[in-house]
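The chain contents come next:
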Amino acid sequence: MQSDRTATQTARRGMKGEDLVAHLRRAIQLGRYVPGQRLVEIDLTEELGVSRSLLREAFRRLSAEGLLEIVPNRGAVVHRLSLKETMELFQIRIELESLAARLAAANCAAPQVRDRFEQDVSEIWQEDVRLSTSAYLIENEKFHAAVFRASGNGQLSLINRQLQLSLIMAQISASLTPDIMAKSIGEHRNIANAVLNGDVAAADMAARAHLSRARDFVSQMHGSVFKSE
């Protein structure tokens, strides 16, 4: 009988370019490949069953997205943010996310928008304990994407994806305790309630409070978490 690893490798044989990019992107976003880690070509071509040329093209695309850096004599390295970069991204995200939350609250007057948003964020109401950081990271990404989707502004959603919240989360994932994750989920519920109630002001306030607390939490982390300036 095939091992899980062998079965996974077999299923990935013949992976196309778009699938390979999506697979690597997801692995970075969920912290399987951590910031600062070098992605070794020979290991990945064997593990994923792809050619070196296809892998290098995927690396180039992910570098353009800001997830990888192509470093001379090292190859592809998962992008590691400095504290300054992280704080700058939070400064932008606070404004964009509060805008998205306001638009989402206004848009939820439309039944189809409300129904889709309720479906997209349904996991945040579950009381089960999150057993892993990776499960929380998936839920966190889905929640924030749902707010931007409900905003109805496609360009805003595009900018959100480019700002790499998931990269920040992957970089700080080792510091996410159960208490911190529970607090974050509680804040997600506050945002969702305001959006579903159509309360534009409350949605703005809840989104700002959530991102501001996250910013302050990250700003107090040890310098070793971040790339040197």
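Please refer to the structure placed before this passage.
What you are looking at is a predicted structure, and each value in this text was computed from that prediction instead of being measured.

**What to know about the packing of helix α5 (residues 83-107) against helix α11 (residues 200-219)**
- Interaxial distance between α5 and α11 falls to 8 Å at its minimum, and their mutual angle equals 165°. Judged by the angle between their axes, α5 and α11 are roughly antiparallel. Our pair here, α5 against α11, has a crossing hand that is right-handed.
- In terms of residue class, the contact of α5 with α11 is made up of 13 nonpolar, four polar and seven charged.

**A word on helix α9 (residues 165-172)**
- Burial runs high along α9: eight of the eight residues are buried.
- Where α9 is concerned, the buried positions are Leu-165, Ser-166, Leu-167, Ile-168, Met-169, Ala-170, Gln-171 and Ile-172.
- Buried residues along α9 sit in contact with α2 (17-29), β3 (75-78), α5, α7 (133-151) and α11.

**Re the sheet that holds strand β2 (residues 68-71)**
- On the basis of which strands lie adjacent, the open sheet formed by three strands has the order β1-β3-β2 and antiparallel pairing. Looking at strand neighbours, the two that pair on one side only are β1 (38-39) and β2, the edges of this open sheet.
- With two bridges connecting them, β1 and β3 associate as antiparallel partners. Bridge pairing in β3 places Arg-38 opposite Val-77.
- In the packing of helix α4 (residues 52-64) onto the sheet, the strands contacted are β1, β2 and β3, and the crossing angle to β2 comes to about 115°.

**Let's talk about empty space enclosed by the protein**
- In total, this model carries two cavities of 30 Å³ or more according to the counting rule given.
- Its boundaries defined by the atoms lining it, the largest cavity holds a volume of some 160 Å³.
- Taken together, 16 residues make up the lining of the largest cavity; nearest its centre are Tyr-136, Met-169, Ser-184, Arg-213 and Ala-214.
- Elements represented by at least two residues in the lining of the largest cavity include exactly α7, α9, α10 (178-196) and α11.
- Sort the elements by how many residues they give to the lining of the largest cavity and α11 lands first, with six residues.
- Residues belonging to the lining of the largest cavity are distributed by class as follows: 11 nonpolar, four polar and one charged.
- Of the voids in this model, the second largest cavity is the one considered here, and its volume is about 40 Å³.
- What lines the second largest cavity is simply Asp-120, Val-121, Glu-123, Ile-124, Glu-139, Lys-142 and Phe-143.

Calculation notes
- Here the residue numbers are simple positions, counted from 1 along each chain's written sequence.
- Owing to the predicted nature of the model, reporting of local features is limited to residues with pLDDT of at least 70; listing and counting of side-chain atom pairs is limited to 80 or more, with chain, interface and lining totals taken over all residues.
- Each side-chain value is derived from all of the structure's non-hydrogen atoms; neither hydrogens nor water enter the calculation.
- Angles shown run from 0 to 180 degrees and are taken between the N-to-C directions of axes, each axis being a line fitted to C-alpha atoms and, for helices, limited to the stretch in contact.
- Working definition: helices are DSSP H or I runs of at least four residues, strands are E runs of at least two. Numbering for both runs from the N terminus.
- For classification, angles of less than 35 degrees are called roughly parallel, those exceeding 145 degrees roughly antiparallel, those between 65 and 115 degrees roughly perpendicular, and all remaining angles oblique.
- In this scheme, a crossing is called left-handed if the near helix is turned counterclockwise away from the far one by less than a right angle; it is called right-handed if the turn is clockwise.
- Gly falls in the polar group here, along with every residue not listed as nonpolar (Ala, Val, Leu, Ile, Met, Phe, Trp, Tyr, Cys, Pro) or charged (Asp, Glu, Lys, Arg).
- Exposed residues in this analysis have more than 50% of their type's maximum accessible area, buried residues have under 20%, and partly exposed residues fall in between, with area computed by a 1.4 Å probe over protein chains only.
- The criterion used for residue contact is that any of the two residues' heavy atoms lie within 4.5 Å.
- In this scheme, strands are said to pair when DSSP sees at least two bridges between them.
- Here a cavity means grid points, on a 1 Å grid over the protein atoms only, where a 1.4 Å probe fits yet cannot get out; a pocket means an open set of points with protein on both sides within 12 Å along at least five of seven lines; lining residues are those with an atom within 4 Å of a point.
- Grid points are joined across faces, edges and corners, and a volume is the space filled by probe spheres set on the points.

These figures come from the coordinates and say nothing about function on their own.
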